[in-house]
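Read off the chains here:
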Amino acid sequence: MNEIKQPDKRPLIYYYLIAIVVVLLLNSLLVPMYAKRSVKEVDYGTFMTMTEDNEISKVEIESNKIIFEDKNSQVYQTGIVSDPELTDRLHEHNVEFSGQIVEQTSPIVSFLVSWVLPIAIFWALGQYLSKRMMKNLGGPDAMSFGMGKSNARVYVKSSNGIRFSDVAGEDEAKENLQEIVDYLHDPGRYKEIGASMPKGILLVGPPGTGKTMLAKAVAGEANVPFFSMSGSEFVEMFVGMGASKVRDLFKQAKEKAPCIVFIDEIDAIGKKRDGGNFGGNDEREQTLNQLLTEMDGFEDNSGVIILAATNRPESLDPALTRPGRFDRRVPVELPDLKGREAILRVHAKKIRVADNVDYAKIARMSSGASGAELANIVNEAALRAVRDNRRCATEQDFEESIEVVIAGYQKKNAILTNKEKLIVAYHEIGHALVAAKQTNSAPVQKITIIPRTSGALGYTMQVEEGNHYLMSKVELENKIATLTGGRAAEEVVFNTVTTGASNDIEQATKLARAMITRYGMSDDFDMVAMETVTNQYLGGDATLACSPETQKDIDARVVELVRREHEKAKEILRQNRRKMDELAKFLYEKETITGDEFMEILQKPGDIWQDAPEAGAAAQDSAKPEQ
Ligand code: ADP
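None of these values were measured; they are calculated from a predicted model. (Residues numbered from 1 in each chain as written. Predicted model: local features only at pLDDT ≥ 70, side-chain atom pairs only at ≥ 80, totals over all residues. Heavy atoms only, no water.)

A look at the sheet that holds strand E13 (residues 459-462)
Strand pairing in a sheet relies on backbone hydrogen bonds, with the paired strands running either antiparallel or parallel. The condition is simple: Here the rule is simple: two strands pair whenever DSSP picks up at least two bridges between them. Strands are runs of DSSP state E lasting at least 2 residues, helices are runs of H or I lasting at least 4, and numbering of each runs from the N terminus. Note on geometry: axes are C-alpha line fits, over the in-contact stretch for helices, and angles between N-to-C directions span 0 to 180 degrees. Contacts are assigned to residue pairs that have any heavy atoms within 4.5 Å of one another.
What the three strands build is an open sheet, ordered E13-E12-E16; its pairing is antiparallel. Edge strands, defined here as strands with exactly one partner in the open sheet, are E13 and strand E16 (592-594). On average, adjacent strands in this sheet sit at an angle of 5° to one another, irrespective of strand direction. Relative to E16, strand E12 (residues 444-448) runs antiparallel, the two sharing three bridges. Residue pairing in the sheet places Lys446 in a bridge with Thr594 of E16. Packing of helix H17 (residues 418-439) onto the sheet brings it into contact with E12 and E13, and relative to E12 it is tilted by some 170°.

See the structure below:
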């Protein structure tokens, strides 16, 4: 609020005064000075003498003065004196003389010149100055209170815009929106039956999943204008401005109907209204009220369809989501394996790619990535190809760029001591080994222990678990055990602990807590929800909903669960100590191990360490601190 530029305090009259003073000065100083230079003033006696001496050639008698010229063309002037013989004398001396014809200026002209012209000049000056002042204030918008023009960007050129085919995956969302496209093509069919289209459709999903793209694609497919505005653009400094922007947007939209209005980040204005806020939210509430009114205002089938996107649907005001307003909700989720592959293919079309790139493999490696991240991965791959002076991006580029996008660039000069590197190797192998022993399958795509700019010292690319919608209690417990596996390996091998496990600890705790408070997986609490999740699409924060005593109880149970799984992990690692040493040694030396190499070593029959215990001891030696 206090960011407003201070308006120019000097009132407009100040400028007028300056202008008047300048004009007066010019008049009173310059003009007479100029006149004085050329006309010599003399007394009446001199005039008479010069007449007598025949020195004068021409005389002009004005109403208040006499101007005369001598033979040398020097001009003189003198005041009027009552002199009845003047004309006789002049005539006698052959002087050419004349009087002044009093010109009667037309009263209209004189009125125009003396009144209208100066006023017009000052008015123009005033206009110019006030325009400049407005500019200083921050644009014409700041002054035109109440007018609040919406600055919605209009994309009318929808015919060559984005199409559904540009949006990969998201088949359910596309199917849902196809109906809107059909309606926009032929509203009559719907009117005949009496069906009315929803006025508003809410696209809900995590950031970067293509919500904006889908909205544009609807407009593109239906070939109608597309108004786009972000929720935050409605929220203005002055109360009432946002509301009038909403009015203006809808006015424009109705004129252009059929059309699509897209409001991105609608939670910026559509947040639940609560009475608890002191001031500050008037503007947002007014804007929201206006939006609700506008949505009620236009009739069904008016041809204006409002699409809105949000990643916080739970924070929206119920009035906004009730039938008749945003009554349809289209989830736009993170892409699954097939979706990721499709998105990669769509974006790879824009760059030059080697022929043999296995997109399915890249998709498997980039589990959990959003559409925007996948687009980024493709671009990173192209950038890498350019950097290495290659003509097209290869599979290797894609693989490396997944790691770059997810974990950051490789740190070129990271100085890990050998001991640190060894600890990291054991840590990562610890996770993988616990996971592999529990499920008997390859748990990872690849592990690298090259430090990354994100701060990660090692990086594990998990195996895509396939479309997995339910997880059993045992699976969750195994997952916790896997998360504790890294620390467990450090303890088993080095008998010490490091700070490297903080992220694992956080995740394990979260999972254990969720099992107890949300999934009803503890006998004591049965199916009672102790926590509710907010912000499902932005990390999923949870709020406790239980008494402080229960909270204590929950904490104790979480600790118990994590400890049990931690012990289990340690036990698994102790039993497979030799395999662990072998795997860690491999990773330590090569810095990278793929899932296949991992399984090969793990499943190799004839455990070499069992046959030759000394070799095992040697390997253990190499695992000792080397500094
Ligand atoms: P959102 O609005 O959900 O945050 P956007 O629609 O702005 O996400 O998407 C950001 C970018 O991510 C797009 O410009 C596009 O390059 C890419 N993208 C996201 N989802 C997809 C998809 N399903 N198909 C193709 N590209 C996608």
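Following the structure, the description resumes.
Some details on the site of the ligand
Spelled out, the test is: Here a residue counts as near a molecule or strand whenever at least one of its heavy atoms sits within 4 Å of it. Counting of polar contacts relies on pairs of N or O atoms within 3.5 Å, with two restrictions inside protein: one atom must be capable of donating a hydrogen and the other of accepting it, and residues adjacent in sequence are counted only when both atoms are side-chain atoms. For accessible areas, the Shrake-Rupley method is used with a probe of radius 1.4 Å. Any residue's cover is judged against the shown protein chains and nothing else. In this count, Pro and Cys sit with the nonpolar residues alongside Ala, Val, Leu, Ile, Met, Phe, Trp and Tyr, while Asp, Glu, Lys and Arg are called charged and the others, Gly among them, polar.
As a structural note, the neighbourhood of the ligand is formed by 16 residues, with Ala168, Gly208, Lys211, Thr212 and His347 the closest of them. Note that an oxygen atom of the ligand is positioned 3.0 Å from one of the backbone N or O atoms of Met213. Contacts to the ligand include Ala372, whose backbone N or O atom sits 3.4 Å from an oxygen atom. For the ligand, the protein covers 78% of the area, taking 560 Å² as the surface of the free molecule. In terms of residue class, the shell around the ligand is made up of seven nonpolar, six polar and three charged.

Concerning the pattern of salt bridges
Here is the rule we go by: The salt bridge definition used is simple: a Lys or Arg side-chain nitrogen within 4 Å of an Asp or Glu carboxyl oxygen. Throughout, exposure labels follow a simple rule: accessible area from a 1.4 Å probe, protein chains only, divided by the maximum for the residue type, with under 20% read as buried, over 50% as exposed, and the rest as partly exposed.
Taken as a whole and judged by the stated rule, the model has 26 salt bridges. Measuring nitrogen to oxygen at the nearest pair gives 2.5 Å for the salt bridge that ties Asp555 to Arg513. Of this pair, Asp555 sits in helix H20 (residues 548-575) while Arg513 sits in helix H19 (residues 502-517), and the two are 42 residues apart along the sequence. Overall, the relative accessible area of 34% leaves Asp555 in the partly exposed class. One network of salt bridges, with partners in common, ties together Arg384, Asp388, Arg390 and Asp397.

Observations regarding the sheet that holds strand E5 (residues 96-99)
Taken in spatial order, the five strands make up an open sheet running E1-E4-E3-E2-E5, and their pairing is mixed. Edge positions in the sheet fall to strand E1 (39-41) and E5, since each has one partner strand and no second. Taken pair by pair, the neighbouring strands of this sheet meet at an average axis angle of 20°, ignoring direction. Note: E1 against strand E4 (residues 75-79), three bridges, orientation parallel. Within E4, the position partnered with Glu41 by the bridge is Gln77.

Some thoughts on the nonpolar core
Our working definition: Residues belong to one nonpolar core when they are buried, are Ala, Val, Leu, Ile, Met, Phe, Trp, Tyr or Cys, and are joined through side-chain atoms within 4.5 Å.
Counting 33 residues, the largest nonpolar core has Ile429, Leu573, Met580, Leu583, Ile593 and Phe598 as the members making the most contacts within it. At the level of secondary structure, the elements contributing two or more residues to this core comprise H17, E12, helix H18 (473-494), H20, helix H21 (577-590) and helix H22 (595-603). The biggest single contributor to this core is H17, with 10 residues. In contact with Phe598, not counting residues within four places along its chain, are Ile429, Ala432, Leu433, Ala436, Pro443, Leu583 and Ile593.

Things to note about unusual backbone geometry
One non-glycine residue with positive phi stands out, namely Asn495, at about 60°. Inspection of the secondary structure assignment puts Asn495 in the loop between H18 and H19. Positive phi outside glycine occurs at Glu591, with the angle close to 70°. Structurally, Glu591 can be placed in the loop between H21 and E16. For Glu591, a relative accessible area of 28% corresponds to the partly exposed category.

Re the packing of H19 against H20
Where we set the bar: Oblique is the label for every angle not falling under 35 degrees (roughly parallel), over 145 degrees (roughly antiparallel), or within 65 to 115 degrees (roughly perpendicular). Each crossing gets its handedness from the near helix: less than a right angle anticlockwise from the far helix is left-handed, clockwise is right-handed.
Axis separation between H19 and H20 bottoms out at 9 Å; the angle between their running directions is 125°. Our classification of the angle between H19 and H20 gives oblique. Classified by chirality, the crossing of H20 by H19 is right-handed. Residues Ala508, Thr509, Ala512, Arg513, Met515, Ile516 and Thr517 of H19 touch H20, and the partners they reach there are Ile554, Asp555, Arg557, Val558, Leu561 and Val562.

Digging into a negative patch on the surface
What counts, and what does not: Like charges are joined within 9 Å and nonpolar side chains (Val, Leu, Ile, Met, Phe, Trp, Tyr) within 5 Å, but only among residues with over 30% relative accessible area and no salt bridge; these make up the patches. This count recognises Lys and Arg as positive and Asp and Glu as negative, with His and chain-terminal groups excluded. A single reference atom marks each charge: NZ on Lys, CZ on Arg, CG on Asp, CD on Glu.
A contiguous patch of negative charge on the surface is contributed by Glu52, Asp53, Glu55, Glu85, Asp88 and Glu92. Along the chain, Asp88 turns up in helix H3 (residues 86-92).

Concerning H19
So the rule is basically this: Expected span of a helix, by definition, is 1.5 Å for each gap between consecutive residues, and there is one gap fewer than residues.
Helix length check: H19, at 16 residues, gives a terminal C-alpha distance of 22 Å against a target of 22 Å (1.5 Å per residue), a fit within 8%. Within H19 the residues assigned to the buried category are Asp504, Ala508, Leu511, Ala512, Ala514, Met515, Ile516 and Thr517. Where the residues of H19 are buried, they touch H17, H18, strand E14 (531-534) and H20.

What to know about the environment of Tyr183
Tracing the backbone through its elements, the reader meets Tyr183 in helix H5 (residues 171-185). Residue classification places Tyr183 among the buried residues on the basis of a relative accessible area of 1%.

Thoughts on the side chain of Ser315
With respect to the element layout, Ser315 can be found in the loop between strand E10 (304-310) and helix H12 (318-321). Residues contacting Ser315, with those up to four places away along its chain left out, are Asp267, Gly270, Lys271 and Lys272.

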